Amino acid sequence: MESTFLMDNIFFIVAAVLSGVMLLWPVIVRTSVRDIEPKQAIRLVNYEDGLVLDARDDGEYAEGHPPNARHIPAELIGERWQELEKFREKPVVIIATQGLRAGRTGAVLHKNGFKKVFNLNGGIDSWRRENLPLVKK
């Protein structure tokens, strides 16, 4: 029985295709949500009338959040993004904990026409490290 090149090297071919997909994945799924540092976030809020959107859950939000931050948990953003309609043309800085919440929140906002959506790099932890103010309400 004759074997072909593909059959002899199927493992290597599959490995090459998978590694290529893994390398391109960030480019494929990337939305226009950019990561920014806390100082950039402050500039957007102060000079461009931007909004800080806290996408953490209720308990995390109650432990401390940036002043004047709007709170919509990431799990509810698909249902509540209309509450942010007046900020559609303004910068929106998403704050979350490390993980996928900010990315998911940003994707929903971008899909619904928000053009200036940013993710706070490092989440609320980077906000704390910079000794920026937090309030508890």
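Draft legend 1. Looking closely at helix 6 (residues 101-111). Residues Arg101, Ala102, Thr105, Gly106 and Leu109 constitute the buried set of helix 6. Down the axis of helix 6, the sector holding all buried residues measures 125 degrees, keeping them to one side. Of the surrounding elements, those touching the buried residues of helix 6 are strand 2 (51-54), helix 4 (58-63), helix 5 (77-80), strand 4 (92-95) and strand 5 (117-120). Positive backbone phi, at 95 degrees, marks Gly113, one or two positions downstream of helix 6.

Draft legend 2. Layout of the packing of aromatic side chains. The tally for this structure, following the rule as stated, stands at 2 aromatic pairs. Relative to Phe12, the ring of Phe11 has its centre 5.5 Å away and its plane inclined at 75 degrees; by these criteria the two rings are edge-to-face. The pair formed by Phe11 and Phe12 is uniform in burial state, with each residue classed as exposed. Where Trp81 meets Phe114, the ring centres are 6.4 Å apart and the plane angle is 90 degrees; that geometry is what we call edge-to-face. With a gap of 33 residues between them, Trp81 in the loop between helix 5 and strand 4 and Phe114 in the loop between helix 6 and strand 5 connect regions that are remote in the sequence. On the basis of relative accessibility, which here comes to 14%, the residue Trp81 falls in the buried class. A residue is classified by how much of its surface remains accessible, and Phe114, at 0% relative accessible area, is buried. Stacked on the ring of Phe114, the Lys or Arg Arg88 has its end atom at 5.2 Å from the ring centre.

Conventions we followed
Residues numbered from 1 in each chain as written. Predicted model: local features only at pLDDT ≥ 70, side-chain atom pairs only at ≥ 80, totals over all residues. Heavy atoms only, no water. Buried < 20%, exposed > 50% of the residue type's maximum accessible area, 1.4 Å probe, protein only. Helix = DSSP H or I, 4+ residues; strand = E, 2+ residues; numbered from the N terminus. Arc of directions from axis to C-beta. Contact = heavy atoms within 4.5 Å. Phe/Tyr/Trp six-rings, centres within 6.5 Å; stacked < 30°, edge-to-face > 60°. Lys NZ or Arg CZ within 6 Å of the ring centre and 35° of its normal.

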